[in-house]
Structures are given as structure tokens and as C-alpha cells.
Amino acid sequence: MNLQTRSASNTQSKAPAILQTASLLAFVQYAAHGSLFLLSITAHPSPIAAIAASSHHSYWDFYVGYGLLAILSGVVEAVLLCQVALLAKNDAARVRPIVVLFIFANLAHAGLVWIYFSLIAPVAFDLLIASLLGFAFVSAKPGKVELEAIV
């Protein structure tokens, strides 16, 4: 019985390190993707143009593909926000850094959508979500601990 308790506690102590490693790998993946994308559009578009000009892919394929990726990102955000909400039921103050990340992500998305597409509806949704998250951030502020007297 004592051995099982140790095993369970060892598994729990490894989880944060595993999650941090996964987070680091995801950051490296997206940093590489972002830098290659930015380099290809500023220096010379030949790598993307070569792929787009191939017989397998068209510009429309890229447009649809990136549109689907945007949808996928939105679904991931929605699911993560549901999970964060569940976590906030037990300890709201601990989810504040996650909420801040989502606030900045929604504001950045709103800015990019406005700059490159000038679409009011998605910008309005991003700003509304960011506002709601701001309220969640404030309401999740650590409160004062009140001690009850036991008589």
C-alpha cells in the first residue's frame, strides 16, 4: 500500500515536467513555423510560390488550409477555456496567468484580423471575448482568507 502511494506521487510530480517539455516543443514548432513564414514573405516568396505553382497545390489550397487551421485554433481555444473554467471552480486565482494569455491572444488576433481583413464581426467577437476574460481575471483575484472561530 505504501509502495502504491509512492508510485502515484511520483507520477504526479513528473506531470508538470512533461507538460513543460510539451509546451517547449510546441513553442519551438510554432517559432520555426512563424520565422519561416515571415522570412518567406519578406525576403523572397519563391519557396511558397514554388509550392503554390506545383501541380499538387494551388493558392486556393493554401487559403482553405489556413482557414481550416484558424478554425481548429478557435476550437482549441474554446475547449481550453472550458477546461480553465472547470479548474477555476477549485482555485480561481491559479488560472489568472492562463486567462491573461488568452486576453492577449484575442487582442492580437483582433488586431491582425483588422489589419489584414478589415472584418468587423470577428474583431467584435475577439474584443468581447477579451473583455469577458478581463472580467474573469479581475474576479479571480486572490481574496482575503477569513478564519472562523470554532466555539
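What counts as what
Residues take numbers from 1 onward in each chain, read along the sequence in its written order. In keeping with the model being predicted, local features are shown solely for residues with a pLDDT of at least 70 and side-chain atom pairs are shown and tallied solely at 80 or more, while totals for entire chains, interfaces and linings include all residues. Here the side-chain values reflect all heavy atoms present in the structure, with hydrogen atoms and water set aside. Only DSSP runs of H or I with at least four residues qualify as helices, and only runs of E with at least two residues qualify as strands; both kinds are numbered from the N terminus onward. Burial classes: relative accessible area under 20% of the type maximum marks a residue as buried, over 50% as exposed, and values in between as partly exposed (1.4 Å probe, protein chains only). Contact definition: two residues touch when any of their heavy atoms are within 4.5 Å. Method for areas: the Shrake-Rupley scheme with a 1.4 Å probe, in which residue coverage is limited to the protein chains shown. Helix span, as expected, comes to 1.5 Å for every residue beyond the first. Our arc is simply the arc of the directions from the helix axis toward the C-beta atoms. Positive charges are assigned to Lys and Arg, negative charges to Asp and Glu, while His and the chain termini are left out of the count. Whenever Lys or Arg places a side-chain nitrogen within 4 Å of a carboxyl oxygen from Asp or Glu, that contact is recorded as a salt bridge. Polar contacts, as counted here, are pairs of nitrogen or oxygen atoms within 3.5 Å of one another; within protein the pair requires one atom able to donate a hydrogen and one able to accept it, and residues that are adjacent in sequence qualify only if both atoms are side-chain atoms. Each residue carries a pLDDT score, the predictor's own confidence in it, on a scale running from 0 to 100. Cavities and pockets were defined on a 1 Å grid built over protein atoms only: a cavity is a set of grid points that admits a 1.4 Å probe from which the probe cannot escape, a pocket is an open set flanked by protein on both sides within 12 Å along at least five of seven lines, and lining residues are those with an atom within 4 Å of any such point. Grid points are joined across faces, edges and corners, and a volume is the space filled by probe spheres set on the points. Polarity classes work like this: nonpolar for Ala, Val, Leu, Ile, Met, Phe, Trp, Tyr, Cys and Pro, charged for Asp, Glu, Lys and Arg, and polar for all others, with Gly in that last group. In this analysis, rings of Phe, Tyr and Trp, with Trp reduced to its six-membered ring, are considered paired at centre separations within 6.5 Å, and the interplanar angle assigns stacked below 30 degrees, edge-to-face beyond 60, and tilted for intermediate values. Remark: a charge is flagged as sitting over a ring if the NZ atom of Lys or the CZ atom of Arg is within 6 Å of the ring centre and within 35 degrees of the ring normal.

### Some points on the overall build of the protein chain
The number of helices and strands found in the protein chain is 5 helices and 0 strands. Across the protein chain, helices and strands are ordered from the amino to the carboxyl terminus as α-α-α-α-α. When the 151 residues of the protein chain are sorted by exposure, 11% land in the buried category. For the protein chain, restricting intrachain contacts to residue pairs at least 6 apart in sequence, the fraction spanning at least 24 positions comes to 46%. Put simply, the protein chain shows about 12,500 Å² of open surface, and 72% of that area lies on carbon and sulfur atoms.

### Quick word on helix α4 (residues 96-117)
Look at α4: 31 Å from first C-alpha to last across 22 residues, which is about the 32 Å you get at 1.5 Å a residue. Of the residues making up α4, those classed as buried are R96, V99, F102, I103, N106, A110 and V113. Relative to the axis of α4, the buried residues are bounded by an arc of 120 degrees and lie together on one face. Opposite its buried face, α4 presents the exposed residues P97, L101, F104, I115 and Y116, each directed more than 90 degrees away. Buried-residue contacts for α4 involve α3 (59-91) and α5 (120-139).

### So, the side chain of D126
For D126, the location among the structural elements is in helix α5. Within the buried core, D126 has no salt-bridge partner, and the shortest N-O distance to an opposite charge, that of R96, equals 21 Å. There is a polar contact of 2.5 Å between the side chain of D126 and the side chain of H109. Among all residues touching D126, those that are not within four sequence positions of it are N106, H109 and A110.

### Regarding the confidence of the model for the protein chain
Mean pLDDT over the protein chain works out to 79, with 75% of the residues at or above the 70 mark. Note on residues 4-12: pLDDT is under 50 here. Beyond four places in sequence and across chains, it has 0 contacts.

### Things to note about the layout of surface pockets
Empty space among the atoms becomes apparent when a probe as large as a water molecule is rolled across them. Of the volumes computed, that of the second largest pocket is approximately 160 Å³. Lining the second largest pocket are L81, V84, A85, A88, A92, V95, V99, L133, A136, S139 and A140. Mapped onto the lining of the second largest pocket, the elements with two or more residues apiece are α3 and α5. Looking at the lining of the second largest pocket element by element, the count peaks at 4 residues for α3. Considering only residue class, the lining of the second largest pocket consists of 10 nonpolar, 1 polar and no charged.

### Thoughts on the packing of aromatic side chains
Across all of its chains, the model carries 0 aromatic pairs by this definition. Over the aromatic face of F137 sits the side chain of R96, whose NZ or CZ is 3.7 Å from the ring centroid.

### Some details on the side chain of N106
Mapped onto the secondary structure, N106 falls in helix α4. Beyond its immediate stretch of four places on either side in the chain, N106 contacts E77, D126, I129, A130 and L133.

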